[in-house]
Amino acid sequence: MTRTCLTRTGICILLAAVAPLASVRAQQGASRYALDDWMTVTSVSSFVLAPDGRSIYYTSNAGSSGTTEIFRVSVDGGAPVQLTTNLPGVRPEPKAELAISTDGETLYYSSARYFQGYNNLFRVPTTGGPSTALTFNDAVIETAPAPSPDGRTLAYLAHVRAGTQIFLLDLDQATSWPRPLAPASDGERSPVWSPDGRSLAFSRGGDIWIRTLDGGSPRRLIEDAYAGGNRSPVWSPDGGRIAFLTSKSGYAQVGVADVTTGSVTPITRVPREHSALSWSPDGRWVAFVQADEIGMSTHVVVAPADGSPAAKSITDGKGVRRSPRFLPHGSRLVYIEATGNRTADLWVRSMGGGAPRQITNSMGRIDPADMSVPEEITYPGPDNLPIPALLYLPKDFDPGTKYPVIVRLHGHPGQWNHSMSMEWQYFIQRGFVLIAPNPRGSRGFGQGFHDLHIADYGGVEFQDVMNVLGYLEGLGYVDMSRKATWGGSGGGYMSFVVATEAPDAFQAQVIRAPVSSWKHLAIDRYGASGRHWTATRTPRRERSEFGGSYDEIPEEYERRSPINFVESVIVPQLLFQGLRDASVPPRQSQMWVERMKELGKAALIEYVEYPDEDHGLRRYRATVRDRLIRMERFFAEHLGQSKP
């Protein structure tokens, strides 16, 4: 096995067997879109409104490198303006978590210099220009910037020790040191300022708290009857109420609490997930995102803040909506929407109905009408539990044709829903059927469905995944001799489980950033204070996934680690790994490749390392392009031609 580094692209490849280029199917005839066309598809990830409601500031990967930058666009649409850039030769860093000052002159955001997720905080003028670093601890996650209404203080969240804590930074003094909001506290999240700037609301220990800045101890807002599982506070415009989410029912529900008395008005009580709260300027309405009955679509809903039964959805059709925000006059809302055949963009719609209006267009040269729209299906798990999934067919589908199939495996906990993946559509339109199952343990279907995998990670959900084969065989148009899995992170781990537990079930596997050894992952995450440890990856999560720590149940960790069963592998694998991955250490992939080599299975694996890439392998557009080319070649070699 040899290692080759391409210095111009920054890609390192460990190759055992390289597919002959002659086997690569030409682009012509497969689609009317060339690869360059697909590379014009981008996505909006977050946004904030200017205080006057005339402009929207948003993050998108529409810049030249494909790395997420900040843009400005008029609420009426038009050509966007890119506000953040990178000096020549300086590594571009994705920008996230936008916040804006009350006077509309300054944007705040988070970005990571070394490893994805290990963010620092920055500010930049809304007119564009150089950014200023406000924090510079590259070994600590600092996130959720929240400027005070007077613009003098920044509240933010830091992942410290074994938990999270809110800090305050004086923006008027360049040499000021951050100070904790409440010394010796832990598990704090979601800092939000009261409209008058005198108090901060936040979540801690599963409840909502308020602390005034003139001293004194934090006060728990919610009365005992609603304690536990409360989060995401949002102040009303007059400062007299706080909207929040509570998960006591097993689904995140919306409530409104009186700041003085703590009395709570329930806004929702249905078995659906809710998120992304926002108040109307007059304080009469609360907007939020509500999942549909199945759970793979979400809608923007507005409801009276007094709890009266007059809630109404202002969006319709299958799709995923996020982050609704009222415009200043209060009759329209801006939100992000994606569908199965349209990538995420900004939209605006009136509370009173009417047609929605698209503000940004991230589809580039691709026409959504040429893309496939998924069908929602279910199939039985091993205990007859319905497993929800999405089924995609090529746009020119012919029921008399036999198609190769890709089974798409998501990360942990994860969920597949009605949002477009350009990479999926690239292969679907080249003649693949694609099915995306949501095995137990997936999010978005309530706490109960998620918890079915507790202390059994990699167990029964493996059977959920394998049961999709019976469903596919019954369709009649799937060629069961041409099947592939495609999964990353937790889906990469599941790919390894499939390869070792059902070695002849598939003919090919594409894998990204997988877990191969739970013992070594525990060492990286819990036994050291390195970059693979975060406050969301604590021994508590470890115990939840397996039922105990490695010291307590080492045999369980070993039994569920695919690295111990490589002898069984007979399926060809294309394995991708970013070396700046802060979620799954690269040695998880490297150990797997070395073990395959030791066992004489080098011919089964092609391994590609991206030295300057993160967990998702989407920092650069060049990486996405390279992966698509390699995947198409790999599928052509091991599954045959997807189209004549």
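Refer to the structure presented above.
Reference entry: report on the structure contained in this document.

**Remarks on the sheet that holds strand β18 (residues 219-220)**
And step 1. Here four strands make up an open sheet; going across it, the order is β15-β16-β17-β18 and the pairing antiparallel. Taken across any chain shown, the strands that pair with only one partner, and hence form the sheet edges, are β15 (188-193) and β18.

**Things to note about the sheet that holds strand β29 (residues 342-350)**
And step 1. Read from one edge of the open sheet, four strands run β27-β28-β29-β30, paired in antiparallel fashion. Each end of this open sheet is capped by a strand with a single partner; those strands are β27 (320-326) and β30 (353-358). Pairwise comparison of adjacent strand axes, ignoring direction, gives a mean angle of 25° for this sheet.

**Thoughts on helix α6 (residues 490-501)**
Each α-helix winds once per 3.6 residues, and so residues spaced three or four apart point in a common direction.
And step 1. Compared with the 16 Å implied by 1.5 Å per residue over twelve residues, the 16 Å span of α6 between its first and last C-alpha is a close match.
And step 2. Among the residues of α6, those classed as buried are G490, G491, G492, Y493, M494, S495, F496, V497, V498, A499 and T500.

**Quick notes on the pattern of salt bridges**
And step 1. Evaluation of the coordinates by the stated rule reveals 33 salt bridges.
And step 2. The shortest N-O distance in the salt bridge between R625 and D36 comes to 2.5 Å. Separated by 589 residues along the polypeptide, R625 in helix α11 (residues 621-639) and D36 in helix α1 (residues 35-38) bring together distant segments of the chain.
And step 3. Judged by relative accessible area, which is 43%, D36 ranks as partly exposed.
And step 4. Across the pair R91 and D614 runs a salt bridge, and its minimum N-O distance is 3.9 Å.

**Quick look at helix α10 (residues 587-598)**
And step 1. Between the first and last C-alpha of α10 there are 16 Å, a value that for twelve residues agrees with the 16 Å anticipated at 1.5 Å per step.
And step 2. Along α10, the residues classified as buried are Q588, S589, W592, V593 and M596. The buried residues of α10 occupy an angular sector of 135° when projected down its axis, which confines them to one face.

**Description of the pairing of strand β24 (residues 285-291)**
And step 1. Of all seven residues in β24, seven are buried; the element is thus mostly enclosed.
And step 2. Burial along β24 is two-sided: W285, A287, V289 and A291 and V286, F288 and Q290, pointing in opposite directions, are all buried.
And step 3. Between strand β23 (residues 274-279) and β24, which pair antiparallel and follow one another directly, the connecting turn spans five residues, one of which, G283, has a positive phi of 75°.
And step 4. Sheet topology note: the β24/strand β25 (residues 298-304) ladder contains seven bridges and is antiparallel. Paired with W285 across the two strands is P304, which belongs to β25.
And step 5. If you look at the hairpin formed by β24 and β25, you'll find six residues sitting between the two strands, and G295 has a positive phi there, around 110°.

So, how was this worked out
- Residues numbered from 1 in each chain as written.
- Predicted model: local features only at pLDDT ≥ 70, side-chain atom pairs only at ≥ 80, totals over all residues.
- Heavy atoms only, no water.
- Pairing = 2+ DSSP bridges.
- Helix = DSSP H or I, 4+ residues; strand = E, 2+ residues; numbered from the N terminus.
- Axes fitted to C-alpha atoms, helices over the stretch in contact; angles between N-to-C directions.
- Expected span 1.5 Å × (residues − 1).
- Buried < 20%, exposed > 50% of the residue type's maximum accessible area, 1.4 Å probe, protein only.
- Salt bridge = Lys/Arg side-chain N within 4 Å of Asp/Glu carboxyl O.
- Arc of directions from axis to C-beta.

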